[in-house]
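Inside the fold
Here is what each chain is made of, one letter per residue.
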Amino acid sequence: MTDERNELVALRNEIALLRSQTRLGLTWENKSEDCADQLRTGIPVLTEDISRAVLTAPDAPENYIFEGENLHALHVLAHTHASKVDLIYIDPPYNTGSEDFIYNDKFVDPEDSYRHSKWLSFMERRLRIARDLLSPMGAIIIAIDDNEYARLTMLCDQVFSETNYLGTFVWDGGRKNDSHFISTGHDYMLVYSRNKRLLEDSHVRYKVRKQGLEEIYRQVGKLTRKHGKDYSAMSSGLKKWYSELAADHPSKANKHYCWVDERGAYFAADISWPGGGGPTYKVVHPLTRRACKSPSRGWVFASTTRMQEMIEENRIHFGKDETSVPCVKRYLQDTESEVIKSVFYKDRRAASKDLRALLGRKAFDYPKDVPVLARIFSSIVGENKKALLLDFFAGSGTTAQAVLEMNKADGGTRSFILVTDNENSIAEEICYPRVAAVINGYDKHDGKGKTTPVPGIPANLRYYRVELVDKLDESGEAKPADDLRVDLAAALDDTIKFAENVQQEVSSGPSWRILTNDDHYVGIVHKQRALTQFKKALAKLDNSRQATVYVFSYGADDYSSDFTDSTREVTLHSLPEGFLATHALLSEVPR
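Not measured: the values here are computed from a predicted model. (Residues numbered from 1 in each chain as written. Predicted model: local features only at pLDDT ≥ 70, side-chain atom pairs only at ≥ 80, totals over all residues. Heavy atoms only, no water.)

**Focus on the packing of helix H12 (residues 398–410) against helix H13 (residues 426–440)**
- Packing of H12 against H13 brings their axes to within 9 Å, and their N-to-C directions diverge by 15°. With respect to H13, the axis of H12 lies roughly parallel. Taken as a pair, H12 and H13 cross one another with a handedness that is right-handed. Where H12 approaches H13, its residues Thr 398, Ala 400, Gln 401 and Leu 404 are matched on the opposing element by Arg 434, Val 435, Val 438 and Ile 439. (Axes fitted to C-alpha atoms, helices over the stretch in contact; angles between N-to-C directions. Helix = DSSP H or I, 4+ residues; strand = E, 2+ residues; numbered from the N terminus. Parallel < 35°, antiparallel > 145°, perpendicular 65-115°, else oblique. Left-handed = near helix turned anticlockwise from the far one by under 90°. Contact = heavy atoms within 4.5 Å.)

**Some details on the sheet that holds strand S26 (residues 570–575)**
- Pairing in this open sheet of five strands is mixed, and the strands run S22-S23-S24-S25-S26 from one edge to the other. Since the sheet does not close on itself, it has two edges, and those belong to strand S22 (504–509) and S26, each with one partner. Averaged over all adjacent pairs, the angle separating strand axes in this sheet is 15°, with direction ignored.
- Looking at chain direction, S22 and strand S23 (residues 512–516) are connected through five bridges and run antiparallel. Residue pairing across strands places Ser 508 opposite Arg 513, the latter belonging to S23. (Pairing = 2+ DSSP bridges.)

**Brief notes about a negative patch on the surface**
- Together, Asp 34, Glu 69, Asp 421 and Glu 423 make up a negatively charged patch on the protein surface.
- Relative to the helices and strands, Glu 423 is located in the loop between strand S18 (415–420) and H13. (Patch = residues over 30% accessible without salt bridge, like charges linked within 9 Å, V, L, I, M, F, W, Y side chains within 5 Å. Areas by Shrake-Rupley, 256 points an atom, 1.4 Å probe, with all protein chains shown as cover. Salt bridge = Lys/Arg side-chain N within 4 Å of Asp/Glu carboxyl O. Lys, Arg positive; Asp, Glu negative; His and termini not counted. Charge placed at Lys NZ, Arg CZ, Asp CG, Glu CD.)

**A word on unusual backbone geometry**
- Look at the link from Leu 575 to Pro 576: it is a cis peptide, with omega at 10°.
- Mapped onto the secondary structure, Pro 576 falls in the loop between S26 and helix H17 (577–587).
- Even without glycine at this site, Ser 83 takes up a positive phi of about 60°.
- You can see Ser 83 is positioned in the loop between helix H3 (70–80) and strand S4 (85–90).
- Classification of Ser 83 by relative accessible area gives partly exposed; the value is 35%.
- Of note in the backbone geometry, Tyr 559 takes a positive phi value of approximately 60° without being a glycine.
- A relative accessible area of 10% means that Tyr 559 is categorised as buried. (Buried < 20%, exposed > 50% of the residue type's maximum accessible area, 1.4 Å probe, protein only.)

**Structural notes on the pattern of salt bridges**
- Inspection of the entire model under this criterion finds 41 salt bridges.
- A salt bridge links Asp 542 to Arg 545; the shortest N-O distance between them is 3.8 Å.
- Relative accessible area serves as the criterion here: at 36%, Asp 542 is assigned to the partly exposed category.
- In the salt-bridge network here, residues are joined through shared partners; they are Glu 48, Glu 62, Arg 462, Asp 494 and Lys 497.

**Structural notes on helix H8 (residues 231–244)**
- Spanning 14 residues, H8 covers 20 Å between terminal C-alpha atoms, matching the ideal 20 Å at 1.5 Å per step.
- Regarding H8, the residues found buried are Met 234, Ser 235, Leu 238, Trp 241 and Tyr 242. Down the axis, H8 shows its buried residues gathered within 125° of arc, on one side only. Residues of H8 that are exposed and point more than 90 degrees away from the buried face comprise Ser 232, Ser 243 and Glu 244. (Expected span 1.5 Å × (residues − 1). Arc of directions from axis to C-beta.)

**Thoughts on the side chain of His 520**
- Mapping His 520 onto the fold places it in the loop between S23 and strand S24 (521–525).
- Among all residues touching His 520, those that are not within four sequence positions of it are Glu 500, Val 502, Leu 515, Arg 545, Gln 546 and Thr 548.

**Quick word on the environment of Thr 532**
- Within the element layout of this structure, Thr 532 appears in helix H16 (residues 531–539).
- A relative accessible area of 52% means that Thr 532 is categorised as exposed.
- For the pair formed by Thr 532 and Pro 453, sequence separation is 79 residues and the distance between their alpha carbons is 55 Å.

Given below as structure tokens:
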């Protein structure tokens, strides 16, 4: 009884302590997950399906589709791409209770008392790995709706830190007629950075090109041909054109650029000193020759000399007489970019229509919109034309098409990694065919039996399956450590090819091979006795290229002593030591 009493007292004291500690945050009951449990008995590796390779751009980087459990794929990426991903976009299950979220091979219904705990456990496992994949200036975008928005925000504050929260996009996709109270036709996209302070210190701004500019430039061109140098008539014509546009026309947002002079369209911007206290001096109206009304905060130009220069260059906009304050001209061609707006409208139905037109059939419910994603991606990685993007809830492959369209528009060489399972054959029959079609070109279906050829966007695509190397033997017992190392190393060739971005084999022999990507060599040696032959083959190759060599070891030995005579710069890795270490580290994370 004494022991039980002491345990009871200790428990009461612990409860009292917990109650006394004021805490703000998110707590839930962690729920086990089958695919996480599988990692206790298996180590994820990649196996390429060569037959699905699409290679149409010899000088462009590789893009990838991974078929398999995304948690398993993230374990692979944790070893191969830590701190290398510039932007992650995911559209995870929204947990609506309407058969959109599968947990342990079962749909989670709205009556499940652990519905939110399952979803949070599911997301946290993946987000914690995703965080460490982001480059120092990287960011993650997570799509969600009202069902889990509040909980996801708090989870992300814990995983990424609330100090790295950048904002939330609100996408109004149109009315939902099945709503009983409030028609919630919007989704959210939460945006977090790896390191917001670094972005601020580097003066990074997420900017995009304003929409509808080409239409405005065309209209100004028409007015120029019609009115010549009658800028008053051109300005009136431009204002009339804006007024006749539909409310959701992209050019409408730039309607304040309604004046025209010899340089083009401009808007009359504030000319006062920011914050007040600016200089005051006389500015003469060019027509009335009287002093113009001055801004209450003073002129933005510190000297009359600078103001006079601006007037002589016709960069000051005057009113009809001196009673109005002059303005400074801000030209559209000089201000084509803007910080992307958080709230926007785009009818979601267009995305479904576009995907049907591409595949020639209805294949996927509620795909994301390519132009919407491309615009948001451009705001974050538009200036990084070599950015790497990751989507580990790839679905129909919208992210891939958005990246390819971005590259087509600006000549970039951005690349992507998509991860999707093959539930309902989505990887093999929807995601892969769609991405391959965008690269190769396709016939666009109009739904009425007619097709229009769409040229491809040259790129390279490789298809991998995520598989598990069993840690148990046939009897269900743990394999001896040496046997596991042999089995794992034998299965890692394709994973190493992916990690090192090499595909072309230039030399091989029993138990070894050398690959290249025209930049460096990668060697894989599965038996120590093959080192001598491997080194001779490597010595015959271009000595100016660096080499990375993986050598099998029953421990952590990288055999560096065997390469002391090499005149080439060589980086050595013990195989499969690094992969085992990463797997062991991730296995310590609560499941």
